[in-house]
Amino acid sequence: MSQSKTTDKLKHKLKDDKNEKSALKPNGNTVTSNILELLITIVDRSKAEYYTDLIQSFDVNMQVTAFGHGTADEKMLVYLGLGDSEKAVIFSVIQQNKLSDAIATLDEKFKTIRNGKGVAFTIPLTSVIGALIYRFLSNNR
């Protein structure tokens, strides 16, 4: 076989491979790289719904609220000026690029809302299993 025919076959094969890869993308959509973090917010149980709605406004698609009870005894709560020890822990998956705005808003609300004090912190997510789950969590449709 001549070198020219071999070169033509390789070019044809590379072209076919490229077309096959582009065909695998559904409807030409691509997933952008959004780094995700787990935002954990601890607030009074009576304010849980308010903070859940507030966090959702930052394109958060998945939130779980768990109810908890503080460990401090009644005397310590009175001494610290804290009222109810019943808390809500809100777990939210949020994009890293929206995190600074969300934390700033939460900080402002913690300071200005009556009985709205709370704690918020994040844990970085290093991986997510499945492209569909990742697209859902990063609000990338």
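In the block above lies the structure referred to throughout.
Basis of the calculations
- Residues numbered from 1 in each chain as written.
- Predicted model: local features only at pLDDT ≥ 70, side-chain atom pairs only at ≥ 80, totals over all residues.
- Heavy atoms only, no water.
- Pairing = 2+ DSSP bridges.
- Helix = DSSP H or I, 4+ residues; strand = E, 2+ residues; numbered from the N terminus.
- Axes fitted to C-alpha atoms, helices over the stretch in contact; angles between N-to-C directions.
- Contact = heavy atoms within 4.5 Å.
- Salt bridge = Lys/Arg side-chain N within 4 Å of Asp/Glu carboxyl O.
- Buried < 20%, exposed > 50% of the residue type's maximum accessible area, 1.4 Å probe, protein only.

Student: Whenever I open this one, the sheet that holds strand E4 (residues 118-124) confuses me. Can you help?
Tutor: Hydrogen bonds between backbone atoms are what pair the strands of a sheet, whose relative direction is either parallel or antiparallel. Spatially, 4 strands are ordered E2-E3-E1-E4 in an open sheet, and the strand pairing comes out antiparallel. In this open sheet, the two edge strands, each paired with only one partner strand, are strand E2 (62-69) and E4. Averaged over all pairs of adjacent strands, the angle between their axes in this sheet comes to 20°, without regard to strand direction. Along the sheet, helix H2 (residues 48-56) makes contact with strand E1 (36-44), E2 and strand E3 (86-95), crossing E3 at roughly 5°.

Student: Hey, could you run me through the pattern of salt bridges in this one?
Tutor: Where side chains of opposite charge bring their charged atoms close, a pairing between them can arise. Per the counting criterion, the structure on display carries 4 salt bridges. With a closest N to O distance of 2.6 Å, aspartate 44 and lysine 87 form a salt bridge. Of this pair, aspartate 44 sits in strand E1 while lysine 87 is found in strand E3, placing the two residues 43 residues apart along the sequence. Of the residues examined, aspartate 44 reaches a relative accessible area of 16% and is grouped as buried. The exposure class of lysine 87 is partly exposed, given its relative accessible area of 24%. Residues aspartate 107 and lysine 111 are paired through a salt bridge, measuring 3.3 Å at the closest nitrogen-oxygen approach. Here the residue aspartate 107 and the residue lysine 111 both occupy positions in helix H4 (residues 96-112), the gap between them amounting to 4 residues, near one helical turn.

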